[in-house]
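# Structural overview for review
Here is how the chains run, residue by residue.
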Amino acid sequence: MSEPLVSDAVALAREAATGGAHRAVLGLTGAPGAGKSTLARHLVAGVERELGPGAAGYLPMDGFHLSNAQLDRLGRRDRKGAPDTFDAHGYVALVRRLLDETDHPVYVPDYDRRLHEPVAARHVVAPHTRLVVTEGNYLAGDEEPWVRLRGLFAQLWYVEADDELRERRLYQRQVSGGSTDEAARRWVELSDRPNGELVKRFRDACTRVVRPGSLTEG
């Protein structure tokens, strides 16, 4: 099912290249564990196969997680991943930069699941990049500053997967990151699950709903 999605991403890149915008941003949102990051990387790779290296870039919203030190200061470490545990204003500002600043490289942060911390400048968007694929839980949110994103995306796709599959992935993610069985199950129940229910509220605000199928990681 993913190849038509790649074709649609290529079309967005070509439209940006031939139009006056120069660059477009495609947003992917959906509940935790739906497969957003896997699909984003797949789309970037597919666009680059078709249009050449650097034609597409990747912006993960998770790079704007607040550091553990800041979460401890705010007393929000146990709800990491909730909307208020991100530098949302910083993320919105970087999306704007990527649309406005096309004459120099723009460096993009990521989240390191081994360190459990954001990492600066892991990715770069080159001046000739025509499509940036960005993904995150709250891209369709209706509160400030998330709501400002809707006017910045060329399209916003809702990535959907069955809850049982998502939570199985999320449990494995926690275990792979060093959590015990009990801690992993507790995190999914008390953090990932309520975050996912919040994200589902914004499904109808998206351009389309996609189910990537064979792309199996979260």
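A short tour of the structure in this document, coming up. Quantities reported herein were computed from a predicted structural model and do not represent experimental measurements. (Residues numbered from 1 in each chain as written. Predicted model: local features only at pLDDT ≥ 70, side-chain atom pairs only at ≥ 80, totals over all residues. Heavy atoms only, no water.)

Among all residues save glycine, negative phi is the norm, and among peptide bonds the norm is trans. For the bond from Glu144 to Pro145, the omega torsion is -5°, close enough to zero to count as cis. Position of Pro145 relative to the elements: it lies in the loop between β5 (131-135) and β6 (155-159). The backbone of His116 shows a phi angle near 60°, a positive value even though the residue is not glycine. Within the fold, His116 resides in the loop between β3 (106-112) and β4 (117-125). Look at His116 and you get partly exposed, because its relative accessible area is 32%. Of note, Ala121 is a non-glycine position whose phi angle comes to about 55°, a positive value. You can see Ala121 is positioned in strand β4. With a relative accessible area of 45%, Ala121 lands in the partly exposed category. (Helix = DSSP H or I, 4+ residues; strand = E, 2+ residues; numbered from the N terminus. Buried < 20%, exposed > 50% of the residue type's maximum accessible area, 1.4 Å probe, protein only.)

This brings us to the environment of Leu51. Take Leu51: it is sitting in helix α2 (residues 36-51). Sequence separation between Leu51 and Arg14 is 37 residues; the distance between their C-alpha atoms is 8.5 Å. Ignoring anything within four residues of it in the chain, the contact list for Leu51 reads Val10, Ala13 and Arg14. (Contact = heavy atoms within 4.5 Å.)

Attention now moves to the sheet that holds strand β7 (residues 208-210). Spatial strand order, β2-β5-β1-β6-β7: five strands in an open sheet with parallel pairing. Each edge of the open sheet carries a strand with a single partner, namely β2 (56-60) and β7. Direction aside, the axes of adjacent strands within the sheet are offset by 25° on average. Sheet topology places β2 next to β5; five bridges connect them, and they run parallel. Its bridge partner lying in β5, Ala56 is registered against Leu131. (Pairing = 2+ DSSP bridges. Axes fitted to C-alpha atoms, helices over the stretch in contact; angles between N-to-C directions.)

One finds Leu59, Tyr91, Trp146, Leu149 and Phe153 to be the most contacted residues of the largest nonpolar core, which totals 27 residues. Contributions of two or more residues to this core are made by α4 (88-100), β3 and β6. With six residues, α4 is the largest single contributor of residues to this core. Excluding anything up to four places from it in sequence, Leu59 contacts Phe64, Tyr91, Leu94, Val95, Leu98, Val108, Val132, Val133, Thr134 and Glu135. Within the second largest apolar cluster, 25 residues are counted, among which are Val6, Ala9, Leu39 and Ala56. (Core = buried A, V, L, I, M, F, W, Y, C linked by side-chain atoms within 4.5 Å.)

Time to look at the packing of aromatic side chains. Throughout the structure, instances matching the rule amount to four aromatic pairs. Here Phe86 and Tyr138 contribute two aromatic rings whose centre-to-centre distance is 6.1 Å and whose plane-to-plane angle is 70°, an arrangement assigned as edge-to-face. Highlighted residues: Phe86 in the loop between α3 (68-74) and α4 and Tyr138 in the loop between β5 and β6, separated in sequence by 52 residues. Residue class for Phe86 comes out buried when judged on its relative accessible area of 7%. Judged by centre distance (5.7 Å) and plane angle (55°), the ring pair of Tyr138 and Trp146 falls under tilted. Accessibility classification places Tyr138 together with Trp146 in one group, the buried group. It is Arg185 that lies over the ring of Tyr171; its NZ or CZ is 4.6 Å from the centre. (Phe/Tyr/Trp six-rings, centres within 6.5 Å; stacked < 30°, edge-to-face > 60°. Lys NZ or Arg CZ within 6 Å of the ring centre and 35° of its normal.)

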